[in-house]
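Here are the chains, one letter per residue:
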Amino acid sequence: MATIGKSVKRLDVQDKVAGSALYPGDLSRPGQAYMKILFAGRPHARIRAIDTRQAEALEGVIAIFTAKDVPVNEYGLIESDQPVLCGPGSPKLFTDRIRFIGDQVAVVVAESEAIAAQGRDLIEVDYEDLPVITDAVAAMQDDAPLVHPDLENNTKVRYRIRKGDLEAGFAQSDVIIEGEYRTPVQEHAYLQPEAGLAYIDEKGRVTVEVAGQWIHEEREQIAHALGIPEEQVRVIHPAIGGAFGGREDMSVQIVLALAVWRLQQRGINRAVKIIWSREESMIGHHKRHEYLIRTRWGASNAGKILAAEVEVIANAGAYLYTSGKVLGNATLMCTGPYEIPNVKVDSYAVYTNNIPGGAFRGFGGPQGAFAAESQMNKLAEALGMDPVELRRRNIVKEGSIISVNTPLPAGVSMPEVVEKCAEVAEWDAETPSSVSSHPSAELHLRRGKGFACGFKNVGFSFGAPENSWATVELYGDAEIERVIVRHAAAEVGQGTHSAIIQMTAEAVGVPFEMVELISADSAETDNSGSVSASRMTFMSGNAVRGAAERALEKWQAEERPAISRYKYVPPPTTPYHPETGECDPNFAYGYVAEAVELEVDTETGFIRLLDVVCADDVGKAINPQQVEGQIEGAIVQAGGYVTLENFVQKDGYVLTPHLSTYLIPGVLDIPDQVRSVIIEHADPIGPFGARGMGEMPYVPLAPAITAALHDATGIWFDDFPLTPERVLKGLGKI
């Protein structure tokens, strides 16, 4: 009856393929009203006044809500620095400020979506425009306009790492490589834009059905903004589709709850529905952070890295969101998975008037890895050494002390992952890759190969509280006939719900088909934590296993039904020391290496990814087919990030607000071949040995691609996306 390690058919596959799965935009209730939001549409301003009289007089408009209607007009995942609605009337200072174009000003509820939109357009807002700052380096200067006038400056988060003697390390170095790297903004581009339905349920709770990644956190933020107990709020996740971190921060949850709550107070008990347009989604939710990374690395002629100095600057945009946590990861990963005795890192997250940066698959890892792995590949070239061999001489292993001066948790498999990737890719160290070593049939088509690797945390980091609850219920007489598992995890396309059932079946010892999952409803489940940080299989598996063990003990004692709740708490982590950075940042990691072969047309600048080998240590593949799906999906998404997707902001305005101007990969843009190499070195504390792995394949693809492009052209590209125009400029063609 073992189900672990089998490619069991996904729980939701039939409904999704048949089109019967209900996503937030598909939900409706009899007599429902419709909502539209007035976005600010300007990057920095103060609202002097809002006039809603014309809109309220429009036939079919039911209600209009502004800042004065929000009891506690603030929210935020890490820090409550963002108004729910911007404008006068709130007791909190500076909630009348607009800080980016997607700030929300007013909510219109009407009999139809068309009337709500018409009413929104009739609202008159008196703005006083303020100076706009969008460049993070400029925003760090003492005379820069303040995005948040209650703060002394725009630099919101700072970290530093000090290990060893940096200058002595450089003095001993035979080769020193300096680099300045820039990584771009990226849009999540999930298929359904933000949507949701809110109503008062049969127990009088404000209920919001919406796509998110953490129902209990969403419930907490809704309750805080409305000034009501959490028990009066219920959050449900229906079918979601993709999220990729883009649904971790709030979008429509609070305003939906506000509308039905205020309507009920007026004696109107109606559901309210909203669906954002693609353009509203593009300006209304956070993006992957733009990063500037300046760095200097030194190595000996023997290929030993001796020193690394890095400055990391993240453009946080208008509000904090998860910028501090993302920066924490980038700070750790900007020196790569290597043993470096002398390290200095200074990192900053800076407020600007751009769209906020927030969670996105990899969570700072891709930005840090781009700089670290680019430096490694440049060092290999300068030393005349094979890039895989250079990594062999420096890679972390069991017991390695990393940049924060503490050892990695047990279970380090980075050396094995690098070797397996090189083996499958047939990487030949005796014949170093070069421009001439991969001839194409046509002279203007050049081929190249590149290599990169990386690591990524599993779970929350740097002292953030980390736990996950599960409940297992066993029903039957002499034998177990039915099993119910309750777990709040969101299903955002990665197959978490199926994996939870597989792990429950394994832990209880029953067939997969016997287990029923109740999930993603705050009224029915305990807190699971967020579906992010590659944590959910790891955390839910340990929680389910603990609950199952205790339920089985009750069953053996002839308690019927046997029900057990269990809270899994992993080993603690600690924050960066403010001066040295010393800490225990994470309790587990995943390890990955990638080899890329590409072809570039030197006449058009177009890049074609021919082959990507991704070797990923997953600890134990709970469902191998789902693991392969995660690898392939990450490669396609990261490939778009590196070669295609060009999110353009100018003076705080978005110039690419549609999928016709912001291009994501289509079927002709994906790699010709992705070879998923599943490695299984059990994590010592992972459930059944499993590690998290949803983000890992994303992390090293950018530097692997730029290394392959250098191999093909002889040119290093230190920023991307590698659009045809940028490639041709780099080649000196335009």
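This write-up is about the structure you can find in this document. Just so you know, these numbers come straight off a predicted model, no measurement behind them.

**Quick notes on the overall build of the protein chain**
Move 1: Looking only at helices and strands, the protein chain features 17 helices and 25 strands.
Move 2: Against the globule reference of 27 Å for 734 residues, the protein chain gives a C-alpha radius of gyration of 26 Å, in line with a compact fold.
Move 3: Taking the principal axes of the C-alpha coordinates as reference, the protein chain spans close to 80 × 75 × 55 Å.
Move 4: Counting across all 734 residues of the protein chain, residues that qualify as buried make up 62%.
Move 5: Long-range pairs, those at least 24 residues apart, make up 80% of the contacts in the protein chain between residues at least 6 apart in sequence.
Move 6: Accessible surface computed for the protein chain: about 26300 Å², of which carbon and sulfur atoms make up 49%.
Move 7: The centroid of the 66 positive side-chain charges in the protein chain is displaced by 2 Å from the centroid of its 100 negative side-chain charges.

**Some thoughts on the sheet that holds strand E17 (residues 468-476)**
Move 1: Strands sit in the order E19-E18-E17-E20 across an open sheet of four strands; the sheet is mixed. Strand pairing shows two members of the sheet lacking a second neighbour, strand E19 (515-519) and strand E20 (562-568), which therefore form its edges. Ignoring strand direction, the axes of neighbouring strands in this sheet form an average angle of 20 degrees.
Move 2: Bridging between E17 and strand E18 (residues 480-487) involves six bridges; their strand directions are antiparallel. For Val472, the partnering residue across the bridge sits in E18 and is Val485.
Move 3: Packed onto the sheet, helix H13 (residues 496-508) meets E17, E18 and E19 and runs at close to 135 degrees relative to E19.

**Description of the environment of Val458**
Move 1: Summarising the element assignment, Val458 is placed in the loop between strand E16 (445-457) and E17.
Move 2: Among the residues examined, Val458 registers a relative accessible area of 1% and is labelled buried.
Move 3: The residues contacting Val458, other than those within four sequence positions of it, are Ala533, Ser534, Arg535, Phe538, Phe587, Ala588, Tyr589, Gly590, Gly692 and Met696.

**Notes on H13**
Move 1: Its 13 residues give H13 an end-to-end C-alpha distance of 18 Å, which sits within 8% of 18 Å, the value for a rise of 1.5 Å per residue.
Move 2: The buried fraction of H13 amounts to twelve of the 13 residues, a majority that puts the element mostly inside the structure.
Move 3: Listed in full, the buried residues belonging to H13 are Thr496, His497, Ser498, Ala499, Ile500, Ile501, Gln502, Met503, Thr504, Ala505, Ala507 and Val508.
Move 4: As for H13, its buried residues are in contact with E17, E18, E19, helix H14 (536-556) and helix H15 (624-643).
Move 5: Remark: Gly509 follows H13 within two positions and exhibits a positive phi of approximately 90 degrees.

**Concerning the pattern of salt bridges**
Move 1: In total, this model carries 52 salt bridges according to the counting rule given.
Move 2: Asp12 serves as the salt-bridge partner of Arg10, at 3.0 Å between the closest nitrogen and oxygen.
Move 3: The exposure class assigned to Arg10 is partly exposed, which follows from its relative accessible area of 23%.
Move 4: The partner of Arg486 in a salt bridge is Glu473, with the nearest N and O atoms 2.7 Å apart. Taken together, the positions of Arg486 in strand E18 and Glu473 in strand E17 put the pair 13 residues apart, joining distant regions of the chain.
Move 5: When salt bridges that share partners are traced, they join Lys36, Glu113, Arg120, Asp121 and Glu280 into one network.

**Here we look at the sheet that holds strand E6 (residues 124-129)**
Move 1: The strand order across the open sheet built from three strands is E4-E2-E6, with neighbouring strands paired in antiparallel fashion. Single-partner strands in this sheet number two, and they are strand E4 (97-98) and E6.
Move 2: Note: strand E2 (residues 45-51) against E6, six bridges, orientation antiparallel. By the bridge assignment for E6, Ile50 is matched with Val125.

**What to know about the packing of aromatic side chains**
Move 1: Counted by the stated rule, this structure contains 15 aromatic pairs.
Move 2: Judged by centre distance (5.4 Å) and plane angle (70 degrees), the rings of Phe39 and Trp276 are edge-to-face. Of this pair, Phe39 sits in strand E1 (residues 33-39) while Trp276 is found in the loop between strand E12 (272-275) and helix H8 (278-284), placing the two residues 237 residues apart along the sequence. The pair Phe39 / Trp276 is uniform in exposure class, with both members buried.
Move 3: Taken together, Tyr181, Phe360, Phe370, Tyr641, Tyr698 and Phe720 form an aromatic cluster joined through their ring pairs.
Move 4: Taking the ring centre of Phe170 as reference, the NZ or CZ of Arg296 above it sits at 3.8 Å.

**So, helix H12 (residues 414-424)**
Move 1: Every buried residue of H12 is accounted for by Met414, Val417, Val418, Cys421 and Ala422. Down the axis of H12, the buried side of the element spans an arc of 130 degrees, and every buried residue falls inside it.
Move 2: Buried-residue contacts for H12 involve helix H11 (387-392), E16, strand E21 (589-601), strand E22 (607-617) and strand E25 (674-679).
Move 3: Where H12 terminates, the next one or two residues include Glu426, which has phi positive at roughly 55 degrees.

**Regarding the packing of H15 against helix H16 (residues 701-713)**
Move 1: The contact between H15 and H16 brings their axes to 9 Å, and the two run at 55 degrees. Here H16 runs oblique to H15, going by the angle between their axes. For the element pair H15 and H16, the recorded crossing hand is right-handed. Only Leu701, Ala702 and Ile705 of H16 make contact with H15, whose side of the interface consists of Ile635, Ala638, Gly639, Val642 and Thr643.

**Focus: the pairing of strand E9 (residues 195-200)**
Move 1: A large share of E9 lies buried, amounting to six of its six residues.
Move 2: By the alternation rule, side chains of E9 split into Ala195, Leu197 and Tyr199 and Gly196, Ala198 and Ile200, which are all buried.
Move 3: With four bridges joining them, E9 and E12 adopt antiparallel strand pairing. For Ala198, the partnering residue across the bridge sits in E12 and is Val272.
Move 4: Strand direction decides the pairing type here: E9 and strand E10 (residues 206-210), joined by five bridges, are antiparallel. When the sheet's bridge partners are listed, Gly196 is paired in E10 with Val210.
Move 5: Between E9 and E10, which pair antiparallel and follow one another directly, the connecting turn spans five residues, one of which, Gly204, has a positive phi of 80 degrees.

**Overview of the packing of helix H6 (residues 215-226) against helix H7 (residues 253-265)**
Move 1: In the contact formed by H6 and H7, the axes pass within 9 Å of each other and the chain directions differ by 50 degrees. If you check the angle between H6 and H7, you find them oblique. Our pair here, H6 against H7, has a crossing hand that is right-handed. Between H6 and H7, the residues in contact are Glu218, Gln221, Ile222, Ala225 and Leu226 and Gln253, Ile254, Ala257, Leu258 and Trp261, respectively.
Move 2: Residues of the contact of H6 with H7, tallied by class, amount to seven nonpolar, two polar and one charged.

**Focus on the state of the cysteines**
Move 1: One pass over the full model with this rule turns up zero disulfides.
Move 2: Of all cysteine sulfurs in the structure, the one in Cys614 sits closest to Cys421, which takes part in no disulfide; the separation is 7.4 Å.
Move 3: Taking the relative accessible area as the measure of exposure, Cys421 reaches 0% and is therefore buried.

Scoring rules and cut-offs
Residues numbered from 1 in each chain as written. Predicted model: local features only at pLDDT ≥ 70, side-chain atom pairs only at ≥ 80, totals over all residues. Heavy atoms only, no water. Helix = DSSP H or I, 4+ residues; strand = E, 2+ residues; numbered from the N terminus. Rg over C-alpha atoms; globule rule 2.2 N^0.38 Å. Buried < 20%, exposed > 50% of the residue type's maximum accessible area, 1.4 Å probe, protein only. Contact = heavy atoms within 4.5 Å. Areas by Shrake-Rupley, 256 points an atom, 1.4 Å probe, with all protein chains shown as cover. Lys, Arg positive; Asp, Glu negative; His and termini not counted. Charge placed at Lys NZ, Arg CZ, Asp CG, Glu CD. Pairing = 2+ DSSP bridges. Axes fitted to C-alpha atoms, helices over the stretch in contact; angles between N-to-C directions. Expected span 1.5 Å × (residues − 1). Salt bridge = Lys/Arg side-chain N within 4 Å of Asp/Glu carboxyl O. Phe/Tyr/Trp six-rings, centres within 6.5 Å; stacked < 30°, edge-to-face > 60°. Lys NZ or Arg CZ within 6 Å of the ring centre and 35° of its normal. Arc of directions from axis to C-beta. Parallel < 35°, antiparallel > 145°, perpendicular 65-115°, else oblique. Left-handed = near helix turned anticlockwise from the far one by under 90°. Nonpolar A, V, L, I, M, F, W, Y, C, P; charged D, E, K, R; others polar. Disulfide = S-S within 2.5 Å.

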